[in-house]
Amino acid sequence: MAGRINDDDVKAVRDAVPIDSVVSEYLQLRNAGGGNLKGLCPFHDEKSPSFQVSPGKGLFHCFGCQEGGDTIAFVMKIDHLSFSETVERLAAKAGITLRYEEGGYNPSHQRGERIRLIEAHQAAAEFYVRALESPEAEIGRKFLAERGFDQDAAAHFRVGYSPAGWDHLTRYLRGKGFSDKELITSGLSQDGRRGPIDRFRGRLMWPISDTAGEIVGFGARKLRDDDNGPKYLNTPETPIYKKSQVLYGIDLAKKDIAKASRAVVVEGYTDVMACHLAGVTTAIATCGTAFGNDHIKILRRLLMDNGSARVIFTFDGDSAGQKAALRAFEDDQKFAAETYIAIAPDGMDPCDLRLAKGDDSVRDLVEPRTPLFEFALRQIVGRYDLETPAGRAAALDEAAAVVAKIKTSSVQREVAVQLAGFVGILDQEFVVHRVAQLARWARDKGGDNAERGARRGGPRAPRGAAPHQPAPGFSGPALNLRSPAHRTERELLKLALQKPALVSPAFDAYGVDEFTAPPYAAVRQCIAEAGGAEQGLADNREYLVAVMDAAPDNTVRSLVTELAVEVFIGKTIDETYAGMQLVHVRLRAVDRRINDVQGSLARLGSHVAPQDLAAAQNEVWVLQQYAQSLRAHGAAAL
């Protein structure tokens, strides 16, 4: 039976390992005032830091997802370890020898699975490094030398060699006390006809570490022509290795990434080596998979999304490289806004470039070049013949749908103006309105309907167009509370939930489509299904319960509760303040409708029917008069 760790030893471990030093292995921490530190929470995706660490108290707490605790709780949560595994790991870091009760301590039986697998990988790495010095590994040393890597470079990156025999590593690790089950689970060995055999044989080996610097897998490069396996063979998915959640070189690069607020994403292990040796010590690479959302989260925690953060992709200009880079845009537009593309001359990767032109050329390559948005649009536009009206129209349709996905209105407008120049359309406002219409179409309909709207000519002409009801739930990036529209919509919803008497009955006449942020539209829908804000006049507690019960999922329900307790922006919350929020939301909705109608008329030109033209012009006139009245008389005009 496994012994329990002595309580005094647990306390000694907790006191000996500073929580800020442990947390900083996973994310960048900055001064938060009052002796606390802050960073982007590693337990949920966020755009601004709500995760705080108190070194003096040895505690952490996230005000976003409510995770909290001490050093041991942090490591247990982030690395999915048991309590005893975590204490053992931290004790090893602090040099503390643990005492075990209720049966003593047998290391081979009582160490947790993750720690055993990590130890197996560490032992394997040492084995591979020694094997690189063997006569058999001459082919591997030659491979490295031909790419400009000497013995010191190999040692720095712990590059090794896996012998070509069937079970050299397996026998070595058995001798270290690892069981066959552990070797198979680790991915270092695989089942053979007569028992476990080495997974990697006759290859150059790169150890892949997690953010904390622990080796969790390997990347293996083929060296011989008679090796029928793939060019690169990586560790399979294991309890400690998830290829979508690791970045090669992150253990070496993380401090410089945080310090410089910059990361360079390259394609391969030798590219990372070349960059680091050339002085670009912020280079990292994915491990046999496309750059994805989990990788973005890792970098976001290190970059912490400050205004100067930069991510540079050095993928080559082929279609695969383009798709890899553009996934950043699809997954996270805030991340994409900080992202640049650097394409080396003649399509060379950093390793080849360093060999051909030296370290300076590598450093010059990764200076920010082309913003990702511009790269994406130029790739799209370049597929069409812009010398013809039809080609320009087709290019605009496809590219505008991409720009419409940008959630921040100011950035969307700026990129739309750029798009007009790329396509060769002098009327920039036409392109800006086109993009805005597609964005509204996608917001109202949801999903990828911006593309469908582009193909069929966008939203219909004004007459007979009914407002679209968004889906009850919502998805997408966090709300932009710097947006005046979003701030006002948030305040109005808070009033409707917390002080319904100040906004009733006017609020209940507001449509869901008057809330431009999908999360706020979802909350507005919940209020409507609960009977409207007027229901809160009698019993506010039951009213809030009814609104929460109307929420389609936990995400919307959580937003309802958040808005129901959040403090207001204004100092004095009265009828005047409430009237201002009602007017601002309504005015923006009226202005949007005017722009929609006028934009539709401009697109249709002379093709619109006379009766439709007259109806649309009359609608615009009525709306303009209403807007003028709202501006002149405020809430009295509602």
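Quick note: structure is the one above.
This next bit is on the overall build of the protein chain. A tally of helices and strands in the protein chain yields 28 helices and 18 strands. Residues classed as buried in the protein chain amount to 48% of the 638 residues present. Here the contacts in the protein chain between residues at least 6 apart in sequence split such that 66% fall between residues at least 24 apart. Here the protein chain displays about 29600 Å² of accessible surface, and carbon together with sulfur accounts for 50% of that area.

This part is about the nonpolar core. Judged by nonpolar contacts, the single largest core of 44 residues is most densely connected at Leu-144, Val-159, Leu-204, Trp-206 and Tyr-248. It is helix 12 (residues 269-277) that provides the largest number of residues to this core, a total of five residues. Ignoring anything within four residues of it in the chain, the contact list for Leu-204 reads Leu-132, Gly-140, Phe-143, Leu-144, Val-159, Gly-160, Gly-219, Ala-220, Arg-221 and Leu-223. Counting residues in hydrophobic clusters, the runner-up holds 34 residues, among them Val-512, Ala-521, Ala-551 and Ala-578.

Taking every second residue as pointing to the same face, the buried face of strand 5 (residues 59-62) carries Phe-60 and Cys-62, while none of Leu-59 and His-61 on the other face is buried. Two elements, strand 4 (residues 51-54) and strand 5, share four bridges in a ladder whose sense is antiparallel. Residue pairing for strand 5: Ser-54 is matched across the bridge by Leu-59. Here strand 5 runs beside strand 6 (residues 68-70); their pairing, made up of three bridges, is antiparallel. Bridge pairing in strand 6 places Leu-59 opposite Asp-70. Linking strand 5 back to strand 6 in an antiparallel pair, the connection comprises five residues, with Gln-66 at a positive phi of about 70°.

Okay, the side chain of Arg-262 next. Tracing the backbone shows Arg-262 in strand 14 (residues 262-266). We classify Arg-262 as buried; its relative accessible area is 17%.

Overall, antiparallel pairing links the five strands, which are arranged 2-3-4-5-6 in an open sheet. The strands lining the two open edges of the sheet, one partner per strand, are strand 2 (30-33) and strand 6. With direction set aside, neighbouring strand axes in the sheet form an average angle of 25°. Taken strand by strand, helix 3 (residues 71-79) contacts strand 4, strand 5 and strand 6, and its axis lies near 120° from that of strand 6.

As a further point, take the sheet that holds strand 13 (residues 232-234). The sheet built from four strands is open, its strands ordered 8-11-12-13 with antiparallel pairing. This sheet does not close on itself; its edge strands, each paired only once, are strand 8 (160-162) and strand 13. Each neighbouring strand pair of the sheet contributes to a mean axis angle of 35°, computed without reference to strand direction. Pairing between strand 12 (residues 215-222) and strand 13: three bridges, direction antiparallel.

Let us now look at unusual backbone geometry. Of the consecutive residues Ser-504 and Pro-505, the connecting peptide bond is found in the cis state with omega at 0°. With respect to the element layout, Pro-505 can be found in the loop between helix 23 (484-498) and helix 24 (518-529). The phi angle at Arg-158 is positive, at roughly 55°, despite the residue not being glycine. Mapped onto the fold, Arg-158 is located in the loop between helix 8 (151-156) and strand 8. Positive phi is not limited to glycine here, since Ser-261 has a value of about 55°. By the element assignment, Ser-261 lies in the loop between helix 11 (250-260) and strand 14.

Rules behind the numbers
- Residues numbered from 1 in each chain as written.
- Predicted model: local features only at pLDDT ≥ 70, side-chain atom pairs only at ≥ 80, totals over all residues.
- Heavy atoms only, no water.
- Helix = DSSP H or I, 4+ residues; strand = E, 2+ residues; numbered from the N terminus.
- Buried < 20%, exposed > 50% of the residue type's maximum accessible area, 1.4 Å probe, protein only.
- Contact = heavy atoms within 4.5 Å.
- Areas by Shrake-Rupley, 256 points an atom, 1.4 Å probe, with all protein chains shown as cover.
- Core = buried A, V, L, I, M, F, W, Y, C linked by side-chain atoms within 4.5 Å.
- Pairing = 2+ DSSP bridges.
- Axes fitted to C-alpha atoms, helices over the stretch in contact; angles between N-to-C directions.

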